[in-house]
There are 2 protein chains.
Amino acid sequence: MPTLKQKGVDKVFHALGDSTRREILEMLSEKPVSVSLLAGPLKISLPAVFQHLQVLEACGLVRSEKVGRVRTCQIDPAGFSVAGKWIAERRAMWERKLDRLGDLLDEPD
Amino acid sequence: MPTLKQKGVDKVFHALGDSTRREILEMLSEKPVSVSLLAGPLKISLPAVFQHLQVLEACGLVRSEKVGRVRTCQIDPAGFSVAGKWIAERRAMWERKLDRLGDLLDEPD
DNA sequence: ACTATACTTAAGTATATACTTAACCTTTGA
DNA sequence: TCAAAGGTTAAGTATATACTTAAGTATAGT
């Protein structure tokens, strides 16, 4: 079943699980930003930021392009739709099932 | 800003970032299941499963109740709405902004 | 050509995470 | 009452992750 494309889900959620990376995403959600500008507000080194960006790119949450010596990063919606879809699908299923269950916790199978 | 409730977001995404934990959630999405039944199909020890369950409970993705010596686990939608909301909010914002940008950054792909 | 800027790579460290096995507690049922 | 079933705790290990500093590489400005 949905175990084939799960690799991407894995990477996206793992990426979102880090608060620094989510901070980066918040910054990028305003507008595209260069690597060093992203690093500014963060209290970690520039290489560290770069590594986070690699993670974010690898799972389709961020896209970037280098022009001259400046790399500009922006949100890539692809990764988000992977994550969003996974959650939405499960949520729909549970809501149905939980509904059907009523509130009885003790269903002895 | 939204930096206050972020702790929960952190934990939920981190929890979802592990494929074994997502497998557990898949199982629970069918119906409530006991700890040892959850462990059955998984190729890890029972204590390991238990630890995953603790992570899932700590972030509101799973709820459980012990009756006699059997602990029955079920999906808790709370955690999912945290994650779903975070994604939905950002997605809405980006879609607006990216739209406004047009294809400003020319797409190399 | 020379220097500064902006990123990139490399290499190492410290902590977190997922797992293990062994031992322990509770409840159930002969 | 005793043993098995179901779960829990403890303790240790091995790998992954997030970070660091130092040393590149390439482009821009003078």
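Before reading further, recall that the structure is shown in the block above.
Draft legend 1. Inspection of the environment of Leu-16 of chain A at higher detail. Within the secondary structure layout, Leu-16 of chain A lies in helix α1 (residues 6-16). The exposure class of Leu-16 of chain A is buried, given its relative accessible area of 0%. Apart from residues no more than four positions distant in its own chain, Leu-16 of chain A is found in contact with Arg-22, Leu-25, Leu-61, Phe-80 and Ala-83 of chain A together with Phe-13, Trp-86 and Ile-87 of chain B.

Draft legend 2. Examining the sheet that holds strand β1 (residues 33-34) of chain A more closely. Residue and element names in this part refer to chain A. Here we have three strands laid out as an open sheet, ordered β1-β3-β2, and antiparallel in their pairing. Strands with a single pairing partner mark the edges of an open sheet, and in this sheet they are β1 and β2 (62-67). Alignment of β2 against strand β3 (residues 70-75), held across six bridges, turns out to be antiparallel. Note on β3: the bridge partner recorded for Arg-63 is Gln-74. Contacts between helix α2 (residues 19-30) and the sheet are confined to β1, β2 and β3, with β3 contributing the most and set at about 90 degrees to the helix.

Draft legend 3. Broad picture of the protein's contact with DNA strand D. If you check the shell around DNA strand D, you find 23 residues, and the closest are Ser-45 and His-52 of chain A together with Ser-36, Phe-50 and Arg-71 of chain B. The side chain of Gln-51 of chain A places a nitrogen or oxygen atom 3.0 Å from a base nitrogen of DNA strand D. One of the side-chain N or O atoms of Arg-69 of chain A is found 3.1 Å from a sugar or linking oxygen in DNA strand D. Among the elements that take part in the surface near DNA strand D, helix α4 (residues 46-58) of chain A stands out by supplying four residues, more than any other. Tallied by class, the residues present in the surface near DNA strand D amount to eight nonpolar, eight polar and seven charged.

Draft legend 4. Structural detail: the protein's contact with DNA strand C. If you check the shell around DNA strand C, you find 23 residues, and the closest are Ser-36, Phe-50 and Arg-71 of chain A together with Ser-45 and His-52 of chain B. Counting only the atoms of DNA strand C within 4 Å of the protein, the fraction contributed by sugar and phosphate is 70%. Measuring from a sugar or linking oxygen of DNA strand C, one finds a side-chain N or O atom of Lys-66 of chain A at 3.4 Å. Contact distances for DNA strand C include 3.2 Å between a base oxygen and a side-chain N or O atom of Arg-69 of chain B. Every element with two or more residues in the surface near DNA strand C is listed here: α3 (35-39), α4 and β3 of chain A together with α2 (19-30) and α4 (46-58) of chain B. Of the residues forming the surface near DNA strand C, the biggest block, four residues, is contributed by α4 of chain B. Here the surface near DNA strand C is built from residues that sort into eight nonpolar, eight polar and seven charged.

Draft legend 5. Looking closely at the pattern of salt bridges. Under the defined criterion, the tally for this structure stands at eight salt bridges over all chains. Here Arg-90 of chain B ties to Glu-89 of chain B by a salt bridge, and the two come within 3.0 Å at their closest N and O atoms. Classification of Glu-89 of chain B as partly exposed rests on a relative accessible area of 36%. A single network of salt bridges, built from pairs that share partners, joins Glu-26 of chain A together with Glu-89 and Arg-90 of chain B.

Draft legend 6. Here's a closer look at the relation of the copies chain A and chain B. Take chain A, turn it by 180 degrees, move it 0.0 Å along the axis, and it overlays chain B with an RMSD of 0.0 Å. The superposition of one copy onto the other is thereby described by a two-fold rotation axis. When you check the interface residues of chain A against chain B, 91% turn up at the interface there too, and the contact is symmetric in its surfaces.

Basis of the calculations
Along each chain, the written sequence defines residue order, and numbers are assigned to residues from 1. As they are written, the chains are lettered A onward and the ligands numbered 1 onward, keeping that order. Per-residue local features are limited, in this predicted model, to residues with pLDDT of at least 70; the limit for side-chain atom pairs, both in listing and counting, is 80 or more; totals at the level of whole chains, interfaces and linings are taken over all residues. Side-chain calculation: all heavy atoms of the structure are included, whereas hydrogens and water are not. Only DSSP runs of H or I with at least four residues qualify as helices, and only runs of E with at least two residues qualify as strands; both kinds are numbered from the N terminus onward. Any residue under 20% of the maximum accessible area for its type is buried, any over 50% is exposed, and the rest in between are partly exposed; the area is computed with a 1.4 Å probe on protein chains only. We call two residues contacting when some pair of their heavy atoms lies within 4.5 Å. One requirement defines pairing of two strands: DSSP has to find at least two bridges between them. Lines fitted to the C-alpha atoms define the axes, with helices restricted to the stretch that makes contact. Angles between their N-to-C directions range from 0 to 180 degrees. Nearness is judged by heavy atoms alone; a residue qualifies as near a molecule or strand once a single heavy atom is within 4 Å of it. Within 3.5 Å is the distance limit for a polar contact, defined as a pair of N or O atoms, with the added protein rule that one can donate a hydrogen and the other accept it, and that residues adjacent in sequence qualify only through two side-chain atoms. When residue character is reported, Ala, Val, Leu, Ile, Met, Phe, Trp, Tyr, Cys and Pro are called nonpolar, Asp, Glu, Lys and Arg charged, and the others, Gly included, polar. In what follows, salt bridge is the name for a side-chain nitrogen of Lys or Arg lying within 4 Å of a carboxyl oxygen of Asp or Glu. The superposition of copies rests on a least-squares fit of C-alpha positions from residues with pLDDT of 70 or more in both.

So far we have only geometry, and geometry alone does not tell us how the molecule works.
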